[in-house]
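Here are the chains, one letter per residue:
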Amino acid sequence: MIIGIASDHRGYKLKEKLKKYFNKKNIEFVDYGTTSTDRVDYNEFASSVCKSILSGEITYGVLICGTGIGMSIMANKYKGIRCAKIDNAMEARLAKEHNNANVISFSANVLYLEAKDMVDSFLRASFLEGDHLRRVNKILDLENECCKKTKDK
C-alpha cells in the first residue's frame, strides 16, 4: 500500500505533519505537492494523485485544501476515483467500508490529531461489499454511461 498525499498552500503545514507521521508509522507515501505556503491552485495537485492511483503507482490518496471541497470535486472528475470529503474519523471509515473510496479529502482547518485519526480510520477500513457493492456498481455503471456519451459526441 502506497499513499499519495497532496495539498494546496492552505493545507501545506498539515500535509507536512502527516508526512512525519507516515514516516514514524512506516507508511509508504508519495508527496505530490505543494512544496510551500505560496499561493497555488489545488487542481493540479489533486490531478497528480488521481492519475497516480489510476496508473497503479499508488493505492490511496489524501488531499488537503482550505475546505477539502475543491480537491474532492476535482478528484471526482476522474473515472475510477471515488473521493469522499470527510470531516471526522467515522466518515473516513464509512467512506471506505460503504463506498469503497480510494481518496479522502478534508479541510486544512482540522487539527493534526483529527487529521491523523481520519487517515488512520480510512487506511484501517476495508470495503464491506454486500449491499454496498451493488450501490458502488451503480455508481460505476453511471460513470461508464456518462463516459460513453461523452465519447460519442
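Residues numbered from 1 in each chain as written. Predicted model: local features only at pLDDT ≥ 70, side-chain atom pairs only at ≥ 80, totals over all residues. Heavy atoms only, no water.

> I'd love a proper account of helix 1 (residues 12–24), names of residues and values included.
Along its 13 residues, helix 1 runs 19 Å from first to last C-alpha, staying within 8% of the 18 Å computed at 1.5 Å per residue. Restricting attention to buried positions, one finds in helix 1 the residues Tyr12, Leu14, Lys15, Leu18, Lys19, Tyr21 and Phe22. Contacts made by the buried residues of helix 1 are with strand 1 (3–7), strand 2 (29–31), strand 3 (60–65), strand 5 (103–107) and helix 5 (112–124). Directly after helix 1, the chain includes Asn26, whose backbone phi takes a positive value near 55°. (Helix = DSSP H or I, 4+ residues; strand = E, 2+ residues; numbered from the N terminus. Expected span 1.5 Å × (residues − 1). Buried < 20%, exposed > 50% of the residue type's maximum accessible area, 1.4 Å probe, protein only. Contact = heavy atoms within 4.5 Å.)

> Let's hear about the side chain of Ser52: which residues, and what values?
Here Ser52 is to be found in helix 2 (residues 43–55). Here Ser52 is in contact with Tyr32, Glu57 and Ile58, once residues within four sequence places are set aside.

> Account for the side chain of Thr34, naming residues and giving values.
By secondary structure assignment, the location of Thr34 is in the loop between strand 2 and helix 2. By relative accessible area, Thr34 is classed as buried at 6%. Residues contacting Thr34, with those up to four places away along its chain left out, are Ser7, Asp8, His9, Tyr12, Lys15, Val40 and Phe45.

> An account of the environment of Asp38 is needed here, citing residue identities and associated values.
Tracing the chain through its elements places Asp38 in the loop between strand 2 and helix 2. Residues Asp38 and His9, spaced 29 residues apart in sequence, show a C-alpha to C-alpha distance of 5.7 Å.

> Tell me about the nonpolar core, residues and numbers included.
Counting residues in each nonpolar core, the largest one holds 25 residues, and the members touching the most others are Ile3, Leu18, Phe22, Val62, Ile64, Phe106 and Val119. Looking at this core, the elements with two or more residues in it are strand 1, helix 1, strand 3, helix 4 (89–99), strand 5 and helix 5. Among the elements that make up this core, the one with the highest residue count is helix 5 (5 residues). If we ignore the near neighbours within four places in the chain, the residues touching Ile3 are Phe22, Ile27, Glu28, Phe29, Val30, Tyr60, Val62 and Leu123. With 16 residues, the next largest nonpolar core counts Ala46, Cys65, Ala75 and Cys83 among its residues. (Core = buried A, V, L, I, M, F, W, Y, C linked by side-chain atoms within 4.5 Å.)

> Can you tell me about the sheet that holds strand 2, naming the residues and giving the values?
Read from one edge to the other, the open sheet built from 5 strands follows the order 2-1-3-5-4, with strand pairing classed as parallel. Strands with a single pairing partner mark the edges of an open sheet, and in this sheet they are strand 2 and strand 4 (83–85). Here the average twist between neighbouring strands, direction ignored, is 20°. Relative to strand 5, strand 3 runs parallel, the two being bridged by 5 bridges. Across the sheet, Gly61 pairs through a bridge with Val103, a residue of strand 5. (Pairing = 2+ DSSP bridges. Axes fitted to C-alpha atoms, helices over the stretch in contact; angles between N-to-C directions.)

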